[in-house]
Amino acid sequence: NAGVTQTPKFRVLKTGQSMTLLCAQDMNHEYMYWYRQDPGMGLRLIHYSVGEGTTAKGEVPDGYNVSRLKKQNFLLGLESAAPSQTSVYFCASSYWGENQPQHFGDGTRLSIL
Amino acid sequence: AQSVAQPEDQVNVAEGNPLTVKCTYSVSGNPYLFWYVQYPNRGLQFLLKYITGDNLVKGSYGFEAEFNKSQTSFHLKKPSALVSDSALYFCAVRDTSGTYKYIFGTGTRLKVLA
């Protein structure tokens, strides 16, 4: 079982460039999430989705957009990258229900110069 | 506001000694609590959860956690630490206000010394 797969694993961008991070899960999970992890700040929620075709804003949504056209995929887009978006991005998914743990991918390390 | 606090940025313990990583929470209603571990260059891995029932929850790799409702705490414990337990540990609570979110602590780095 692949679980949660994130692509790419590493990327370097120049300020103003755009890119899309892909998250794919093969566990038929309803919920999917995008976080960023920065030193000393733990995990901060960017956007999340509770089902195919739905998205919602998290704690730090500015500068990011998301789409969930298929249940198994959750895309995170940066329209015009800024150095402040240099971070490690994690995707997670979970089953429906308050007692369900999240399953995480191994992250995308993004540097913006 | 709902929140999770991990008061220690780092915990050092000698191999073979018991370890405790602290977590306190603030939520309305019944809490759903989780512990995760993160190894270098990897995503978070689920260790254990508390939903209801016994206050002592057992999880993966010999870890357990003690739920204390009066102190609003959910401390992670292990009777005998291994060097391989060295990692970053996160406590999380499920938001109970219907937003489908999880609230994470800032993480505690555990260093087990040989």
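Residues numbered from 1 in each chain as written. Chains lettered and ligands numbered in written order. Predicted model: local features only at pLDDT ≥ 70, side-chain atom pairs only at ≥ 80, totals over all residues. Heavy atoms only, no water.

Draft legend 1. How the structure looks around the overall build of chain B. Along the backbone of chain B there are zero helices and 12 strands. Each helix (α) and strand (β) of chain B, taken in turn from the N terminus, gives the series β-β-β-β-β-β-β-β-β-β-β-β. In terms of overall size, chain B behaves like a compact globule, its C-alpha atoms giving a radius of gyration of 14 Å where 114 residues would be expected to give roughly 13 Å. C-alpha atoms of chain B, sized along the principal axes, occupy 45 × 30 × 20 Å. Counting only residues that meet the buried cut, chain B has 45% of its 114 residues in that class. Accessible area of chain B: about 5,400 Å², with a carbon and sulfur share of 48%. For chain B, the distance from the average site of its 11 positive side-chain charges to the average site of its 8 negative ones is 5 Å. (Helix = DSSP H or I, 4+ residues; strand = E, 2+ residues; numbered from the N terminus. Rg over C-alpha atoms; globule rule 2.2 N^0.38 Å. Buried < 20%, exposed > 50% of the residue type's maximum accessible area, 1.4 Å probe, protein only. Areas by Shrake-Rupley, 256 points an atom, 1.4 Å probe, with all protein chains shown as cover. Lys, Arg positive; Asp, Glu negative; His and termini not counted. Charge placed at Lys NZ, Arg CZ, Asp CG, Glu CD.)

Draft legend 2. Structural view of the packing of aromatic side chains. Scanning the model with the defined rule gives 18 aromatic pairs over all chains in all. Relative to Phe 104 of chain B, the ring of Phe 104 of chain A has its centre 6.1 Å away and its plane inclined at 80°; by these criteria the two rings are edge-to-face. One end of the pair, Phe 104 of chain A, is in strand β10 (residues 103-104); the other, Phe 104 of chain B, is in strand β11 (residues 102-104), on a second chain. For the pair Phe 104 of chain A and Phe 104 of chain B, one class covers both residues: buried. Both rings, one in Tyr 50 of chain B and one in Phe 67 of chain B, keep their centres 4.0 Å apart while their planes meet at 15°; by these two values the pair is stacked. (Phe/Tyr/Trp six-rings, centres within 6.5 Å; stacked < 30°, edge-to-face > 60°.)

Draft legend 3. Inspection of the state of the cysteines at higher detail. If you walk through the whole model with that rule in mind, you get two disulfides over all chains. There is a disulfide in this structure between Cys 23 of chain A and Cys 91 of chain A, and the S-S distance comes to 1.9 Å. Taking the sign of the S-S torsion, -75° for the link of Cys 23 of chain A and Cys 91 of chain A, the bridge is left-handed. Remark: Cys 91 of chain A occurs in strand β9 (residues 87-94) and Cys 23 of chain A occurs in strand β3 (residues 19-25); sequence separation between them is 68 residues. Paired through a disulfide, Cys 23 of chain B and Cys 91 of chain B show a sulfur-sulfur distance of 2.0 Å. (Disulfide = S-S within 2.5 Å.)

Draft legend 4. Representation of the interface of chain B and chain A in the model. Between chain B and chain A, the contact holds 23 residues from the first and 24 residues from the second. In this structure, the connection of chain B to chain A is made through one salt bridge. In this assembly, chain B and chain A are joined by eight residue pairs in polar contact (both at pLDDT 80 or more). Elements with a contribution of two residues or more to the side of chain B that touches chain A: β5 (33-38), β6 (44-50), β10 (87-94) and β11 of chain B. Grouping the constituent residues of the side of chain B that touches chain A by class yields 11 nonpolar, seven polar and five charged. (Contact = heavy atoms within 4.5 Å. Salt bridge = Lys/Arg side-chain N within 4 Å of Asp/Glu carboxyl O. Polar contact = N/O pair within 3.5 Å; in protein donor to acceptor, adjacent residues only side chain to side chain. Nonpolar A, V, L, I, M, F, W, Y, C, P; charged D, E, K, R; others polar.)

Draft legend 5. Layout of unusual backbone geometry. Residue Pro 8 of chain A is reached from Thr 7 of chain A by a cis peptide bond, and omega for that bond is -5°. Positionally, Pro 8 of chain A belongs in the loop between β1 (4-7) and β2 (10-13). Positive phi values are uncommon outside glycine, yet Asn 28 of chain A reaches one of about 60°. Take Asn 28 of chain A: it is sitting in the loop between β3 and β4 (31-38). Unlike most non-glycine residues, Asn 41 of chain B shows phi in positive territory, near 60°. With respect to the helices and strands, the residue Asn 41 of chain B is situated in the loop between β5 and β6.

Draft legend 6. Geometry of the sheet that holds strand β7 (residues 64-67) of chain A. All names here are of chain A. Taken together, four strands build an open sheet; the order of strands is β1-β3-β8-β7 and the sheet is antiparallel. On the outer flanks of this sheet lie β1 and β7, each paired with one strand and no other. With direction set aside, neighbouring strand axes in the sheet form an average angle of 20°. Judged from the four bridges that link them, β1 and β3 form a sheet pairing that is antiparallel. Looking at β3, one finds that Val 4 is bridged to Gln 25. (Pairing = 2+ DSSP bridges. Axes fitted to C-alpha atoms, helices over the stretch in contact; angles between N-to-C directions.)

The quantities given are spatial measurements derived from coordinates; they are silent on function.
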